[in-house]
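Chain by chain, the residues run as shown.
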Amino acid sequence: MLLLPGILLFGILVGTHLPAGMAQAAPKAKQRVVIQVSDADPGKWQLALNNARNVQSDLGKDNVEIEIVAYGPGLDMLKAESKVAAGLAAALDSSVGLLACENTMQNRHVSRDEIYAGVRFVPAGVTHIMKRQAEGWAYIRP
Amino acid sequence: MLLLPGILLFGILVGTHLPAGMAQAAPKAKQRVVIQVSDADPGKWQLALNNARNVQSDLGKDNVEIEIVAYGPGLDMLKAESKVAAGLAAALDSSVGLLACENTMQNRHVSRDEIYAGVRFVPAGVTHIMKRQAEGWAYIRP
Amino acid sequence: MLLLPGILLFGILVGTHLPAGMAQAAPKAKQRVVIQVSDADPGKWQLALNNARNVQSDLGKDNVEIEIVAYGPGLDMLKAESKVAAGLAAALDSSVGLLACENTMQNRHVSRDEIYAGVRFVPAGVTHIMKRQAEGWAYIRP
């Protein structure tokens, strides 16, 4: 007799608290995506920037958090003299996070001074992307 | 005294209903994968089609749901005059979903008439892939 | 009256058993990443090996499990006469799993003898990567 209300209550708890705590499919949670750039190809850099912009216009800028992580041969995208420098400025203006891999910078003898202003740094690009996936971010590799 | 059956009941509820609602690790749930094509490279288009076919033969066609999403420079894969048109026909015959990005179509002035018959449309390829990942689909970028 | 302790108990159950069963965000769990190689590009092969090494040095070799899966045009990475053979040896020494796709081997008429010693085999590379993602592994496509 006392079990029936327990089941109902259980249903309510599951229906409200659990999904919220497990994020991914929660309807109102901010969506998040990490975009990887690891090619030395300005066409791919531009595509990554276009992807970010399209996601923002499709979902609404305030409903989505976006990071572009550049590492390996992709690091050049985020240099001060990058061929997509205008696009970097626009991305930063739109609150898209731009992240350079310090492992790559060390291997390629690139100093922070040579990186586009406003770009942030992560110790290892790949590890950062792994962390984001574990946190439930989507992963896009254009 | 009444708590003990409650715990048992809870275990049954968790054991059956919850995993079904959260998919990923459920042993008998249909597996699902979204395959991204964003390169203007017919070799990659063919590889995406091969990947879909191999997944179907490995898991059994009825046990897996597959979508191939083409966007950016990858859109050409899904045009009526595509170099892999025969492969598109076979994929559609095997219930592989083929999805073209309307954002890209707009940017490249490609109309629906120019797209291979049977291909479906999504407003934004990247956003669709994000949605699928949030729903628990695997993501493959050949 | 009997429902209240039931709710508390429910909270305990949810707080301990459920998250453990759903892995991803568990703080102390070993991190795991599957790295895909599907390009016929030795630069990408080297990048995949570098990625694995950087992840190990960043997280600590014992805290992370890494697999590199080669399929399609990427299979050549794992051949005995691979251009990155020295890197394969180092990866195996560091307990990085190297996995060759048997589907690809069959299509390209490559026998096990032609594959670098220590490399393991999976029936289908893509299906293996899907499985790893379903198990909560991060996915990196360099």
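Located above this text is the structure these notes cover.
Residues numbered from 1 in each chain as written. Chains lettered and ligands numbered in written order. Predicted model: local features only at pLDDT ≥ 70, side-chain atom pairs only at ≥ 80, totals over all residues. Heavy atoms only, no water.

### A look at the pairing of strand E3 (residues 97-101) of chain B
Residues and elements named next belong to chain B. A large share of E3 lies buried, amounting to five of its five residues. Covered by surrounding structure in E3 are Gly97, Leu99 and Cys101 together with Leu98 and Ala100, the residues of both alternating faces. Summarising the sheet, strand E2 (residues 64-70) and E3 pair through four bridges and their orientation is parallel. When the bridges of E3 are listed, Ile68 appears paired with Leu98. At this point the chain moves from E2, through helix H3 (residues 85-93), to the parallel E3, and the crossover so formed is right-handed. Sheet topology note: the E3/strand E4 (residues 120-122) ladder contains three bridges and is parallel. Directly across from Ala100, in E4, lies its bridge partner Phe121. (Buried < 20%, exposed > 50% of the residue type's maximum accessible area, 1.4 Å probe, protein only. Helix = DSSP H or I, 4+ residues; strand = E, 2+ residues; numbered from the N terminus. Pairing = 2+ DSSP bridges. Right-handed = clockwise from strand over helix to strand, strands pointing away.)

### Remarks on the sheet that holds E3 of chain B
Residue and element names in this part refer to chain B. Pairing within the open sheet is parallel, and its five strands lie in the order E4-E3-E2-E1-E5. Looking along the sheet, the strands with just one partner apiece sit at the ends: E4 and strand E5 (138-140). The sheet shows a mean angle of 30 degrees between the axes of neighbouring strands, taken without regard to direction. Packing of helix H2 (residues 42-59) onto the sheet brings it into contact with strand E1 (31-37), E2 and E5, and relative to E2 it is tilted by some 175 degrees. (Axes fitted to C-alpha atoms, helices over the stretch in contact; angles between N-to-C directions. Contact = heavy atoms within 4.5 Å.)

### Re the sheet that holds strand E2 (residues 64-70) of chain C
Overall, parallel pairing links the five strands, which are arranged E4-E3-E2-E1-E5 (chain C) in an open sheet. Of all the strands in the sheet, the pair left with one neighbour each is strand E4 (120-122) and strand E5 (138-140) of chain C. Each adjacent strand pair in this sheet contributes to an overall mean axis angle of 30 degrees, direction not counted. For strand E1 (residues 31-37) of chain C and E5 of chain C, the ladder comprises three bridges, and the chain directions are parallel. Its bridge partner being in E5 of chain C, Val33 of chain C is matched across the sheet by Ala138 of chain C. On top of the sheet, helix H5 (residues 125-134) of chain A reaches E1, E2 and E5 of chain C; it is set at about 140 degrees to E5 of chain C, its chief contact. In the packing of helix H5 (residues 125-134) of chain C onto the sheet, contacts are made with E1, E2, strand E3 (97-101), E4 and E5 of chain C, and the angle to E2 of chain C comes to roughly 155 degrees.

### Let's talk about the side chain of Ser82 of chain A
Residues and elements named next belong to chain A. The topology assignment puts Ser82 in the loop between strand E2 (64-70) and helix H3 (85-93). From its side chain, Ser82 meets the backbone nitrogen of Val84 in a polar contact 3.0 Å long. Setting aside residues up to four positions removed in sequence, Ser82 forms contacts with Trp45, Asp76, Met77 and Leu88. (Polar contact = N/O pair within 3.5 Å; in protein donor to acceptor, adjacent residues only side chain to side chain.)

### Looking at unusual backbone geometry
All names here are of chain C. One non-glycine residue, Ser95, lies in the positive phi region at around 65 degrees. Mapped onto the secondary structure, Ser95 falls in the loop between helix H3 (85-93) and E3. Located in the positive-phi region is His109, a residue other than glycine, with phi close to 55 degrees. Along the polypeptide, His109 turns up in the loop between helix H4 (102-107) and E4.

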